[in-house]
Each structure stands twice: as structure tokens, then as C-alpha cells.
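Residue-level listing of the chains:
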Amino acid sequence: MSEVKIAAETRTEFGKGAARRIRRDSKVPGVLYGHGSDPLHLTLPGHELLLALRTPNVLIALDIDGKTNELAIPKAVQRDPLKGFLEHVDLQLVKRGEQVNVEIPVHTEGELAAGGNLLEHVLNALPVEAEATHIPESVTVSVEGLEAGASILAKDITLPSGVKLAVDGDAVVIQVLAAQAEEAPEGEAEGEEVAEA
């Protein structure tokens, strides 16, 4: 996984007014926490951060006020529900070699068996433990030829070297459901007969 370098500034103003002023300047308020240190309130460049967050679990190399360099991963991202722009970001401080718990997206490939079956993602993201600088972007699972009733468990997914499951191995990640045919509303007809009697 590559690192994305972002210049950040510490901020001393808090509250809604301060956050609005930061956003007006095309920047995003954020908090950096972890390793028992006090939370550090930051202002981050909006466009650069938006581009970085396109990669799940991106490793961000923060240059804070040109003085300190820290590594962080995004833990919580708040977006405007209508416009989609970034409102706030929580970053977790990490160190090289440190194991972290993250969720990685699960992608599927292949075609299900014929019959109009449906694929259900029970878990859209798989909880794993990985070294902070080697977090996989995603895992891909083959669903080729799976029939209704089949399921893929967490322990069935091949993970990259050095990555461990952080969820029960028997947890269902993906399952195949039978397509349901539309049935005639029998309950209504029966209800009418009962009413007549």
C-alpha cells in the first residue's frame, strides 16, 4: 500500500462557526488520535484528502505544521448527506510494524449458476488485522457456479500474507439466495371466504 503525503495544520478554533470557516477555505477539520496521546485537532486540504480517501484504509503521511511527520489511517469520515463533500475526518495514529484492525471491502467475480439466483453480501467489508503499512485495499472472492443455498464463510477467503481475520471464521460473508417467484395473494381470497361464512 502506498502512502499519501498530506500537509496538515494544527487548529485552535473549535465549534460550528470555526468548522464552517475551515470548509469555506476548501479545507476539512479533523482529529488525530491514538497511542495514548492527547487528540490533535487538525485542518487538512479538502481536495487532497478527498482524493486520498478514494482508497479504502489509505495510509496518510501527515506533515503537521512542517515540524512533525505522523502516519495515520482514516477511522471515521463524515460527509454532507446531499452534496457529498467532506465535513470532518477522524484519523488514527499508527506506526510502522504495528498491527491494526481495519475492514477491507469484499469484491466478487464470476457468474452464479443459472436460475436467477441472487447474491447477498452479508458482510460488505471483512474485519482483519494487518500491519499498518501493508493493509490490503480489498479481497476478491469467486462466486463462479455457486447455487442457491451456498455461502462463503470468512475462513474460506484467502487473505494476503501477514493478514489475519478479526472476525469469527464461521461468519457468513456472502450467500446465494434462490430467486423468489411472485405468488398469488391467497390470503385475501381465503379471508373473503371466511367473511361470507
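Structural data are supplied above this passage.
To start, this report covers the structure provided alongside it. (Residues numbered from 1 in each chain as written. Predicted model: local features only at pLDDT ≥ 70, side-chain atom pairs only at ≥ 80, totals over all residues. Heavy atoms only, no water.)

Comments concerning the overall build of the protein
Alright, step 1. Tallying secondary structure elements over the protein gives three helices and 13 strands in all.
Alright, step 2. Dimensions of the protein, computed from C-alpha atoms along their principal axes, come out at roughly 80 × 45 × 30 Å.
Alright, step 3. Expressed as a percentage of the 197 residues in the protein, the buried residues total 35%.
Alright, step 4. The contacts of the protein with a sequence gap of at least 6 include a subset with a gap of at least 24, amounting to 63%.
Alright, step 5. Carbon and sulfur atoms make up 48% of the accessible area of the protein, which amounts to about 11,900 Å² in all.
Alright, step 6. Taking the average location of the 17 positive side-chain charges in the protein and that of its 33 negative ones, the two points are 20 Å from each other. (Helix = DSSP H or I, 4+ residues; strand = E, 2+ residues; numbered from the N terminus. Buried < 20%, exposed > 50% of the residue type's maximum accessible area, 1.4 Å probe, protein only. Contact = heavy atoms within 4.5 Å. Areas by Shrake-Rupley, 256 points an atom, 1.4 Å probe, with all protein chains shown as cover. Lys, Arg positive; Asp, Glu negative; His and termini not counted. Charge placed at Lys NZ, Arg CZ, Asp CG, Glu CD.)

A few points about the sheet that holds strand 10 (residues 139–142)
Alright, step 1. Spatially, four strands are ordered 10-7-9-12 in an open sheet, and the strand pairing comes out mixed. Since the sheet does not close on itself, it has two edges, and those belong to strand 10 and strand 12 (164–165), each with one partner.
Alright, step 2. Sheet topology places strand 7 (residues 99–109) next to strand 10; four bridges connect them, and they run parallel. Across the sheet, the residue bridging to Glu-109 is Ser-142, located in strand 10. (Pairing = 2+ DSSP bridges.)

Focus: the environment of Ala-166
Alright, step 1. With respect to the helices, strands and loops of the structure, Ala-166 is situated in the loop between strand 12 and strand 13 (172–177).
Alright, step 2. As a C-alpha pair, Ala-166 and Glu-13 span 153 residues in sequence and 38 Å in three-dimensional space.

A word on the pattern of salt bridges
Alright, step 1. What the rule picks out here adds up to three salt bridges.
Alright, step 2. A salt bridge links Glu-9 to Lys-27; the nearest nitrogen and oxygen atoms lie 3.6 Å apart. Here Lys-27 lies in strand 2 (residues 27–34) and Glu-9 lies in strand 1 (residues 3–10), a separation of 18 residues in the sequence.
Alright, step 3. Among the salt bridges present, the one from Lys-164 reaches Glu-129, with a minimum N-O distance of 3.7 Å. One end of the pair, Lys-164, is in strand 12; the other, Glu-129, is in strand 9 (residues 125–131), with 35 residues separating them in the sequence.
Alright, step 4. Its relative accessible area of 24% is what places Glu-129 among the partly exposed residues. (Salt bridge = Lys/Arg side-chain N within 4 Å of Asp/Glu carboxyl O.)

Things to note about the side chain of Thr-43
Alright, step 1. Residue position: Thr-43 is located in strand 3 (residues 37–45).
Alright, step 2. Judged by its relative accessible area of 8%, Thr-43 is buried.
Alright, step 3. Beyond its immediate chain neighbours, meaning those up to four positions away, Thr-43 contacts Ala-8, Glu-9, Arg-11, Ile-22, Lys-27 and Val-28.

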